[in-house]
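Residue-level structure breakdown
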Amino acid sequence: VGVPLLLPEYLLLPPKARVPHAGCRVALCVAETREVAEAAAKLVVTSLANASGVRSEMEAGSTNTQKGTSLGEQSEQGTQRSVHAQKAKKACADESESAIKSERAMESKGETTVGNTNESTSAVLVDIDAAVAAGSWFDSKAVPILHKGNAHAVLASAPIVAKGSAYVGGQYHFYMETQTATASQDGEGGWQVHCSAQGPSLIAKSVAKALKVDISRVEAKVPRMGGAYGGKATRAVPTAVGAAVASWFLKGAAVSVALEIGANMAMLGARRPYRFDYEAAAAVDGSLLAVTGKVYMMQGSHADMGGWPDVRELAVALDGGYNVPHWAVEGAALRADVPANTWCRGPTFLPGQLLMEAVIEHISSAAGLSADTVRTRNLYTEGDVTPSGGVLLNCSLTRCVAEAKQRVGFEQLSAAIAACNGQSRYVKEGLALAPFKYGMAAATGHRAMVSVGADGSVRVWQSGCESGQGLYVKQAQAAAAVLGCELRQVSIESTSSRLSNRITGGSTTSESNVASVTLAAETVSARMAPVKAELATQLGRAPSWVELSSACAAADVDSAALGCFAGESQSGVLPGPPPSNSPFEYYAYGCAVAHVRYDALLAEMIVLRAELVTDQGTSLNPAIDLGQVHGAFAMGLGYLTTERMEWDAQRGGQLRSTGTWEYKPPSAADMPVALNVSFLKGASNPKGVYGSKAVGEPAILGSAAVLSALRHAVAAVRADEPALPRQVRVPLDAPATPDALSAASALDWRRFDFGSSPHQHE
């Protein structure tokens, strides 16, 4: 009997956001009776809650759970599963009632524990400001992030000081395929889970733990999936574990779990929001002298799958592309009544870039200089050392900036925009650039295997999960190039936890797997070399690939090999070990220029042109990398202009913006009228695989140019309002939605001309 399961989703939400008996359809179980299916649903709910790192109903006061009886132990005791169904159903019902009563009792008293303060409060914390005011921190005190030089002393004597706060919000990953998993027994005493995930090894480990079996008895397989962006690195675990537990309960029958988009958005968190309370100093010519302040990172109700939230990771990114000699910044991770947040495309570096750009904008206003002047005066150059100890070698940042400005005719366009703004009171234009650097970790540790068939077909198993970034194509290219076969003869298998031991992320997976596939293919090629030489002598010509493969099979040549790049060095191919004096293998550089038009009366904006110049070294596949730059910029554009997450404090912190009716990812109409991308010519990267550089995430930082350009357009509107103060930072943070733009413009409606038809005075 097919039974649609209505599973209570409130267990995956923070305690205050849980609504008893609320549910969503997430699975279709096939069971002998409805009672068995409903009991399985209860176990799925419990496993989902446990896997998500939040308190489940059983943790809320179950006496049965205190005895420690687990699924595996019940199986070992030989208890019949039909009996389990009855017990589980009754136990979960009792525990659910107990949990609901407990929560209602707390609500009636207005009590909740906030962070480490151990104080009772009735407040529901759904945003950074509320969490800061409540002192709701994960750590008992702020932790140092950046300390260099003597920032406070420099600040005290600086001629120009800017003090303020900058914000960046959250962002839903909005992958086209939501969290999905199908689990079943494999017929040999093991378990197989097909899922949409970035880390099959993590899935296998989690399922094995839930079922109390060895990891070797679980295989997680990830075929090509419909997007991830970091949202399936750890957050794919609940659905996979839930499906596996339900399958165990149904004697190994296949069980699929697929979250609806509303539940997916409400339960699994998003990009982490930040607030930066800063005080920055500069010289009269715009040279940055010092930056001090405190950064707050919104983690949510709990840690991300056991990883302690660490705001100190921002140390490598807060400087952006600017060389500031003195730093004194500390920070704190905040606990609040919203689901735990997680990584999202460009984590750490995107918020660091945006927060620093807000500082640059404020400094330029305070100094009475153009933001372009301040930016170009403080750019990193070759050999500079970042506050986190990174040595900038082969630094192409100034080249990227110069080429981007040259391509748009920056100076001439700036003058034309100034003239245009002088002729229009409410329709203004803005122009800004965004230089960026992105630190890339060492691309090591991913395993790969290459096997050649007698017919010349080549199969490749590798550790990366294909989510639309073109990873499969690049692996096939590497195998074909080394073996000498055609690209069409290479096929890439689905990623399996049997081989994969890394999470796909950080934009280094394509590089690392290309290196590992190269090593494996070189081993196979070396084994085939003697046969190739002998065959060439016999034929009097070089053998074809199919002839060589057939001859090797006949000669029992081992045509399968493993490879795992661990820092080997091979000129022009493998970069060698990572540098010992830098936190990163290398840095990716680029610059974006954005030209926007803003109608203050309608609070509508359009990006007229976006020009990006990125340093890709020697691109592994220019067509794929071009698409990745386009996609990264588009995702950043949506984050900064249209996408806003809203939480309802009156309903315990539930997400209001679920689905595209309330949450607005960018559409085709939001894209720039002209979007041009150029790869920096003559760039080299001796620390990259085949001389390449990462592409999936760095370009998202270029979208910061759009927000800066909007600030300039809004500043032009405010300049025509005589009551507004001058030389202050434009109060516009991300996302710059129409209501935010309207509020920042601060138009005085009393100055509007409501006269008769404009033709009256002709």
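This report concerns the structure included in the present document. This one's a predicted model, so the numbers in the text were calculated from it and none came from an experiment. (Residues numbered from 1 in each chain as written. Predicted model: local features only at pLDDT ≥ 70, side-chain atom pairs only at ≥ 80, totals over all residues. Heavy atoms only, no water.)

Some details on the overall build of the chain
To keep things clear, this is the line we draw: Helix numbering and strand numbering both begin at the N terminus, where a helix is a DSSP run of H or I of at least 4 residues and a strand a DSSP run of E of at least 2. Contact definition: two residues touch when any of their heavy atoms are within 4.5 Å. The Shrake-Rupley method, run with a 1.4 Å probe sphere, supplies the accessible areas, and residue values consider only the shown protein chains as cover.
Check the secondary structure of the chain and you find 19 helices and 24 strands. Counting contacts in the chain only where the partners sit at least 6 residues apart, residues at least 24 apart contribute 79% of the total. As displayed, the chain offers around 30400 Å² of accessible surface, 53% of which is attributable to carbon and sulfur atoms.

Here we look at the nonpolar core
To keep it simple, the criterion reads: Here, the term nonpolar core denotes a set of buried Ala, Val, Leu, Ile, Met, Phe, Trp, Tyr and Cys residues that are joined through side-chain atoms within 4.5 Å. To sort residues, take the accessible area from a 1.4 Å probe on protein chains only and compare it with the maximum for the residue type: under 20% means buried, over 50% means exposed, and anything in between is partly exposed.
Ranked by internal contacts, the top residues of the largest apolar core, which has 103 residues, are Phe276, Val295, Leu318, Met356 and Leu732. Among the elements that take part in this core, strand β20 (residues 586-599) stands out by supplying ten residues, more than any other. Excluding residues within four positions of it along the chain, Met356 makes contact with Leu288, Val291, Leu318, Asp319, Gly320, Tyr322, Val324 and Trp327. Membership of the second largest hydrophobic core comes to 36 residues, among which are Val458, Leu483, Val517 and Leu620.

A closer look at the side chain of Glu585
For the record, the criterion: All tallies of charge rest on Lys and Arg as positive and Asp and Glu as negative; His and the ends of each chain are not included. Salt bridge criterion: a side-chain nitrogen from Lys or Arg within 4 Å of a carboxyl oxygen from Asp or Glu.
Locating Glu585 in the fold gives a position in the loop between β19 (574-575) and β20. Comment: no salt bridge for buried Glu585; closest opposite-charge side chain is Lys687, at 4.0 Å. For Glu585, the residues in contact, after removing those within four places along its chain, are Met440, Ala441, Ala442, Pro575, Gly576, Pro577, Pro578, Pro579 and Lys687.

With respect to the packing of aromatic side chains
Basically, it comes down to this: To pair, rings of Phe, Tyr and Trp, with the six-membered ring standing in for Trp, must have centres within 6.5 Å; the planes then decide the type, stacked if under 30 degrees apart, edge-to-face if over 60, and tilted in the middle.
Following the criterion strictly, the structure yields twelve aromatic pairs and no others. Judged by centre distance (5.3 Å) and plane angle (75°), the rings of Tyr172 and Phe174 are edge-to-face. Residues Tyr172 and Phe174 agree in their burial class; the two are buried. Relative to Tyr438, the ring of Phe349 has its centre 4.3 Å away and its plane inclined at 25°; by these criteria the two rings are stacked. Of this pair, Phe349 sits in helix α10 (residues 349-367) while Tyr438 sits in strand β12 (residues 427-440), placing them 89 residues apart in sequence. Comparing Phe349 with Tyr438 shows no difference in burial state: the two are buried. Each member of the aromatic cluster is reached from another via a ring pair, and the members are Phe349, Tyr438, Phe584, Tyr587 and Tyr589.

Some details on the pattern of salt bridges
Per the stated rule, a full pass over the model turns up 29 salt bridges. The closest approach of N and O atoms between Asp720 and Lys428, which form a salt bridge, is 2.7 Å. In this pair, Asp720 is assigned in the loop between α18 (704-719) and α19 (738-745) and Lys428 in strand β12, connecting sequence segments 292 residues apart. Where Glu547 meets Arg541, a salt bridge forms, and the shortest distance between an N and an O atom there is 3.0 Å.

A word on the packing of helix α15 (residues 509-539) against helix α16 (residues 545-554)
Where we set the bar: An axis is simply a line fitted to the C-alpha atoms; with a helix, the fit covers only the stretch in contact. Between two such axes, the angle follows the N-to-C directions and lies from 0 to 180 degrees. The handedness criterion is simple: a crossing whose near helix is rotated anticlockwise from the far helix by less than a right angle is left-handed, and one whose near helix is rotated clockwise is right-handed. Three classes are used, and their members are as follows: Ala, Val, Leu, Ile, Met, Phe, Trp, Tyr, Cys and Pro are nonpolar, Asp, Glu, Lys and Arg are charged, and the others, Gly among them, are polar.
Running from amino to carboxyl end, α15 crosses α16 at an angle of 115°, the nearest separation of the two axes being 10 Å. For the pair α15 and α16, the sense of crossing is right-handed. Residue-level inspection shows Met528, Val531, Lys532, Leu535 and Leu539 of α15 in contact with α16, the latter providing Trp545, Glu547, Leu548, Ser549, Ala551 and Cys552. In the contact of α15 with α16, the residues fall into eight nonpolar, one polar and two charged.

Notes on the sheet that holds strand β17 (residues 560-564)
Pairing between the strands of a sheet is mediated by backbone hydrogen bonds and can be parallel or antiparallel. We count it as follows: Think of it this way: DSSP has to see at least two bridges between two strands before they count as a pair.
Read across the open sheet, the four strands follow the order β15-β14-β13-β17; overall the sheet is mixed. Sheet topology places β15 (490-492) and β17 at the edges, where each strand pairs with a single neighbour. Direction aside, neighbouring strands of the sheet carry axes that sit 20° apart on average. As paired strands, strand β13 (residues 447-452) and strand β14 (residues 458-462) are joined by five bridges and run antiparallel to one another. Directly across from Val452, in β14, lies its bridge partner Val458. Here α15 sits on the sheet in contact with β13, β14 and β17, set at roughly 145° to β17.

Some details on helix α7 (residues 200-211)
Short version of the rule: Expected span of a helix, by definition, is 1.5 Å for each gap between consecutive residues, and there is one gap fewer than residues.
With twelve residues, α7 ought to run about 16 Å at 1.5 Å a step, and its terminal C-alpha atoms sit 16 Å apart, in line with that. Residues of α7 that are buried include every one of Pro200, Ile203, Ala204, Ser206, Val207, Ala208 and Leu211, and no others. Downstream of α7 by one or two residues, Lys212 has phi in the positive range, about 60°.

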